[in-house]
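Observations on the three-dimensional arrangement
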Amino acid sequence: MAMTFLTRRRRVRWLHEPLPPRDVGTLHDSLGFYRSLTGEERTRLGQFARILIREKNWEGCGGLVLSQEIKLIIAAQAALLLIGMDLDPLRDRVFPNVRSILVYPAGFVAPLPRLGAGGVITEGHANLGEAHYNGLSGGPVIVSWRDALEGGLRADDGRNLVLHEFAHKLDFLDGVIDGTPPLDAGEDYTRWKHVMSAHHNDLVRRARARAPSVLNYYGATNPAEFFAVATEAYFERGDAMRQWLPELYVLLRGYYKQDTAARTAPPPEESGVPGGP
Ligand SMILES: [Zn+2]
């Protein structure tokens, strides 16, 4: 996806400058996953985060005054989804279907209706976040700052609001809300749908039986939520997913192109979390 010459020229100007030490300190202190990234991954994370900060329209809502720190902590979590992908920070558009990012202080009352003709998804979990689908032009991503902050600090509980909402935006890139984002040429749609639906169906059964799973039951809601929830677990519990849901892990690794299982430390007392179909 190409972008305008002017945008590219602007990026060239600032992308090669390193992140200011204060921003690096923020990432270290606020994002549990940051220390486990390689140097190159950190560089790309900083680049994509800065692109999101500069090229998206950020709005503090509900009285929240946005700071560089707040934007960086949210943008860097969204950027984590991208750092393994075949994206050139100098040339490519980044989340082209996201124009605005709205940040509320905490859980908020959704200003828009639940899933309807306009394609708005209102998350069932207490309106912590929303990803709006308005065709390819893209609606805003809405997140609660409190939950985005907590999600960043706790990088191994399998829940991350920002990863969840931006995973929806990846899914929406092809204009369809179905849990299948546009895949690279070498990837296989048939296999994707097969593996995803088998694991979705298994999660539905587990949720009904209240049986343990690596995946949050919320992913049983529908295929789109399944992809968002599986993304959270892939990044935050990669080792458990590789162990218990190896097919799903390999599929998501092929898409995100990061070996998150090698990155995350083994969770304590993980003796008995079954979860594979
Ligand atoms: Zn969702």
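In this text the structure is predicted, and so the values were computed from the model without any measurement.

Considerations on the overall build of the protein
Counting secondary structure elements, the protein contains eleven helices and five strands. Expressed as a percentage of its 277 residues, the buried residues of the protein come to 53%. Taking all contacts inside the protein whose residues are at least 6 apart in sequence as the whole, residues at least 24 apart take part in 67%. Put simply, the protein shows about 12,400 Å² of open surface, and 54% of that area lies on carbon and sulfur atoms.

Some details on the pattern of salt bridges
Taken as a whole and judged by the stated rule, the model has eight salt bridges. One salt bridge connects Arg 11 with Glu 55, and the closest N-O pair in it is separated by 2.7 Å. Residue Arg 11 is located in helix 1 (residues 5-15), and its partner Glu 55 is located in helix 3 (residues 39-55); the two are separated by 44 residues in the primary sequence. Put simply, Glu 247 and Arg 191 hold a salt bridge, and the shortest N to O gap is 3.5 Å. Highlighted residues: Glu 247 in helix 10 (residues 246-256) and Arg 191 in helix 7 (residues 189-209), separated in sequence by 56 residues. Judged by relative accessible area, Glu 247 falls into the partly exposed class, the value being 36%. With relative accessibility at 38%, the residue Arg 191 sits in the partly exposed group. Here the salt bridges share partners, and the residues they tie into one network are Asp 202, Arg 205 and Arg 206.

Here's the deal with helix 7
What sets the pattern is the α-helix's 3.6 residues per turn: residues three or four places apart point alike. For helix 7, with 21 residues, the first-to-last C-alpha span of 30 Å sits near the 30 Å given by 1.5 Å per residue. Among the residues of helix 7, those classed as buried are Trp 192, Val 195, Met 196, His 199, His 200, Asp 202, Leu 203, Val 204, Arg 206 and Ala 207. Summarising the contacts, the buried residues of helix 7 are in contact with helix 8 (223-236) and helix 10. N-capping of helix 7 is provided by Asp 188, with a side-chain oxygen placed 2.9 Å from the backbone N of Thr 190.

Quick notes on unusual backbone geometry
The phi torsion of most residues other than glycine is negative, and most of the peptide bonds are trans. Its identity as a non-glycine residue notwithstanding, Arg 210 has a phi of 55 degrees, on the positive side. Counting through the fold element by element, Arg 210 comes out in the loop between helix 7 and helix 8. One non-glycine residue, Lys 257, lies in the positive phi region at around 55 degrees. Relative to the helices and strands, Lys 257 is located in the loop between helix 10 and helix 11 (260-263).

Topic: helix 6 (residues 161-171)
Within helix 6, eleven of the eleven residues are buried, which leaves it mostly tucked inside the rest of the structure. Looking only at helix 6, the buried set comprises Leu 161, Val 162, Leu 163, His 164, Glu 165, Phe 166, Ala 167, His 168, Lys 169, Leu 170 and Asp 171. A distance of 3.0 Å separates the backbone nitrogen of Val 162 from a side-chain oxygen at the start of helix 6, and that oxygen is part of Asn 160.

Let's talk about the packing of aromatic side chains
All told, the structure shown has ten aromatic pairs when counted by the stated rule. Between Phe 227 and Tyr 255, the ring centres sit 6.1 Å apart and the planes meet at 70 degrees, which makes this aromatic pair edge-to-face. Taken as a pair, Phe 227 in helix 8 and Tyr 255 in helix 10 lie far apart in primary sequence, 28 residues in all. Comparing Phe 227 with Tyr 255 shows no difference in burial state: the two are buried. Consider the rings of Tyr 234 and Phe 235, whose centres lie 4.9 Å apart with planes at 85 degrees: the pair is edge-to-face.

Here we look at the nonpolar core
In terms of nonpolar packing, the biggest core is built from 76 residues, with Phe 95, Val 103, Leu 215, Met 241, Leu 248 and Tyr 256 touching the most fellow members. At nine residues, helix 4 (residues 68-80) tops the list of elements feeding residues into this core. Residue contributions to this core reach at least three from each of two domains, namely domain 1 (13-174) and domain 2 (189-263). Aside from chain neighbours lying at most four places away, what touches Leu 248 is Val 195, Met 196, His 199, Leu 215, Phe 226, Ala 230 and Met 241.

Overview of the confidence of the model for the protein
Across the protein, the average pLDDT comes to 86, with 83% of residues at or above 70. Taking the mean pLDDT of every element in the protein, the minimum, 52, falls on strand 3 (residues 120-122) and the maximum, 98, on helix 4. Residue range residues 109-119 is modelled with pLDDT below 50. Its contacts to residues more than four positions away, or to other chains, number 21 contacts. Of the regions scoring below 50 in pLDDT, residues 266-277 engages in 25 contacts with residues more than four places distant in sequence or in other chains.

Some points on the environment of Lys 71
Mapped onto the secondary structure, Lys 71 falls in helix 4. Lys 71 sits in the partly exposed class, given a relative accessible area of 23%. With eleven residues separating them along the chain, Lys 71 and Gly 60 place their C-alpha atoms 9.9 Å apart. Residues within four places of Lys 71 in sequence aside, it is in contact with Ile 53, Trp 58 and Leu 66.

Conventions we followed
- Residues numbered from 1 in each chain as written.
- Predicted model: local features only at pLDDT ≥ 70, side-chain atom pairs only at ≥ 80, totals over all residues.
- Heavy atoms only, no water.
- Helix = DSSP H or I, 4+ residues; strand = E, 2+ residues; numbered from the N terminus.
- Buried < 20%, exposed > 50% of the residue type's maximum accessible area, 1.4 Å probe, protein only.
- Contact = heavy atoms within 4.5 Å.
- Areas by Shrake-Rupley, 256 points an atom, 1.4 Å probe, with all protein chains shown as cover.
- Salt bridge = Lys/Arg side-chain N within 4 Å of Asp/Glu carboxyl O.
- Expected span 1.5 Å × (residues − 1).
- Polar contact = N/O pair within 3.5 Å; in protein donor to acceptor, adjacent residues only side chain to side chain.
- Phe/Tyr/Trp six-rings, centres within 6.5 Å; stacked < 30°, edge-to-face > 60°.
- Core = buried A, V, L, I, M, F, W, Y, C linked by side-chain atoms within 4.5 Å.
- Domains from an automatic or database assignment.
- pLDDT = per-residue confidence, 0-100.

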